[in-house]
Each structure stands twice: as C-alpha cells, then as structure tokens.
Amino acid sequence: MDLPVLQASLHWNYSQLTTKVQIAYRATQIPIGWISWALNPLGRGMIGSQALLALRHANGSMIAYSTSITSYNPSMLPGELGIPVSDVSAEYVDQQMIIFGVLGPLGNRTSFNHVWQCGSTVSENIPQVHPLSGQNVESMGLINFL
C-alpha cells in the first residue's frame, strides 16, 4: 500500500492463526538518513508509538532496531517494545531504505494507528530530529491488517 506522504509504502502479510504480521516498510531516502515505521496502540500521533527504525551505520552497513517513542524528544536508542517484535532487518536498494520485521502476536486486535517518519541526519549512529512541518507532521493514519 502506498502511503500518502514521504514517498513511502507498506507491505504486510497478516496470519490470523498466529496473529503476527510480517511487514516491509519502504521509503525513498538518502544514504545518510534514516526511516521509521510504527504502530501506536495508545492513540494517534508519535507519542506512544512502537517503532522499527533503519539507518546506515558509521561502518557502512544497514542496521535496524526497535525503539519506543515516549516523548517529543525520544532517545531513539534501541529498546524493547510493548508489542513483541522479531526478525528486524534493513536494506538500502535503489535509493530506498527498507525495514523488515515481524510484530506480534497482536491478540484480537488487527486495527491500529500507525505513523511513519524520515530524517536526513544521523550522528554517532543515532537518528537526529526530523523536520517539524509539512509531510513530516502528516505521516499518520489507521491501518487494518485484515
């Protein structure tokens, strides 16, 4: 599914048997930037989001990890999520960063608020603040995995 802003798309495969969802989030990005996609089980917007994040490490390899967004000034450091997550990885192909991951089990819930984001700066392998206007504040919606 093409997302409405930030030149991004989300692909998923949801298993009703395991209540897990495999995702591939793709966004156009410069090699030194970062991307993120998140579910927010608590509400709309950034605060409360359970994020998967990708960036190019200082050594040149792509890295991906999970991080919780608990404020408007999050640490962006790797951390555990309130939603189980596994098999997180990232690629950079044809000027696009791609995050892969498995979330769940999600229980009886299939509909979530979700947010996605990108930034152009990484410092010491930590994503720096994204723009605070335009498409960067419009990148949210509702998703139903069924």
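Here the structure is a predicted model, which means the values were calculated and not measured. (Residues numbered from 1 in each chain as written. Predicted model: local features only at pLDDT ≥ 70, side-chain atom pairs only at ≥ 80, totals over all residues. Heavy atoms only, no water.)

A. Main features of the pairing of strand 5 (residues 62-68). Examined bridge by bridge, strand 4 (residues 50-56) and strand 5 share 7 bridges and lie antiparallel to one another. The residue bridging Q50 from the neighbouring strand is S68, located in strand 5. Two successive antiparallel strands, strand 4 and strand 5, enclose a turn made up of 5 residues, where G60 displays a positive phi of approximately 100°. (Pairing = 2+ DSSP bridges. Helix = DSSP H or I, 4+ residues; strand = E, 2+ residues; numbered from the N terminus.)

B. Up close: the packing of aromatic side chains. Under the criterion given, the structure shown has 3 aromatic pairs. Residues W12 and F145 carry aromatic rings whose centres are separated by 5.7 Å and whose planes lie at 75° to one another, so their mutual orientation is edge-to-face. Of this pair, W12 sits in strand 1 (residues 8-15) while F145 sits in the segment after strand 11 (140-144), placing them 133 residues apart in sequence. On the basis of relative accessibility, which here comes to 3%, the residue F145 falls in the buried class. Residues Y14 and F145 carry aromatic rings whose centres are separated by 6.4 Å and whose planes lie at 15° to one another, so their mutual orientation is stacked. With Y14 in strand 1 and F145 in the segment after strand 11, this residue pair connects regions lying 131 residues apart in the sequence. Among the residues examined, Y14 registers a relative accessible area of 14% and is labelled buried. One aromatic cluster in this structure is built from W12, Y14, F112 and F145. The ring of Y92 is capped by R56, whose NZ or CZ atom sits 4.9 Å from the centre of that ring. (Phe/Tyr/Trp six-rings, centres within 6.5 Å; stacked < 30°, edge-to-face > 60°. Buried < 20%, exposed > 50% of the residue type's maximum accessible area, 1.4 Å probe, protein only. Lys NZ or Arg CZ within 6 Å of the ring centre and 35° of its normal.)

C. View of unusual backbone geometry. Of note, the bond from G104 into P105 is cis; its omega dihedral lies within 30 degrees of zero at 20°. Summarising the element assignment, P105 is placed in the loop between strand 7 (96-103) and strand 8 (111-119). In this structure, Q7 is a non-glycine residue whose phi angle is positive, near 45°. Phi angles above zero are rare outside glycine, and M76 is one such case at about 65°. The topology assignment puts M76 in the loop between strand 5 and strand 6 (85-93).

D. Representation of the sheet that holds strand 5. A sheet is described by the order of its strands in space; here 5 strands give the open sequence 5-4-3-8-11, paired in antiparallel fashion. Each having just a single partner strand, strand 5 and strand 11 make up the two edges of the open sheet. Strand-to-strand twist across the sheet, computed as the mean angle between neighbouring axes with direction ignored, equals 25°. With 7 bridges joining them, strand 3 (residues 34-40) and strand 8 adopt antiparallel strand pairing. By the bridge assignment, S36 is partnered in strand 8 with Q117. (Axes fitted to C-alpha atoms, helices over the stretch in contact; angles between N-to-C directions.)

E. Highlighting the pairing of strand 8. Most of strand 8 is tucked away, with 8 of its 9 residues classed as buried. Alignment of strand 8 against strand 11, held across 5 bridges, turns out to be antiparallel. By the bridge assignment for strand 11, V115 is matched with M140.

F. Region of interest: the sheet that holds strand 7. The antiparallel open sheet is built from 4 strands, whose spatial order is 1-2-7-6. Of all the strands in the sheet, just strand 1 and strand 6 have a single pairing partner and so form its edges. Adjacent strand axes in the sheet meet at a mean angle of 10° when their direction is disregarded. Pairing geometry for strand 6 and strand 7, over 7 bridges, is antiparallel. Counterpart to E91 in the pairing with strand 7 is I98.

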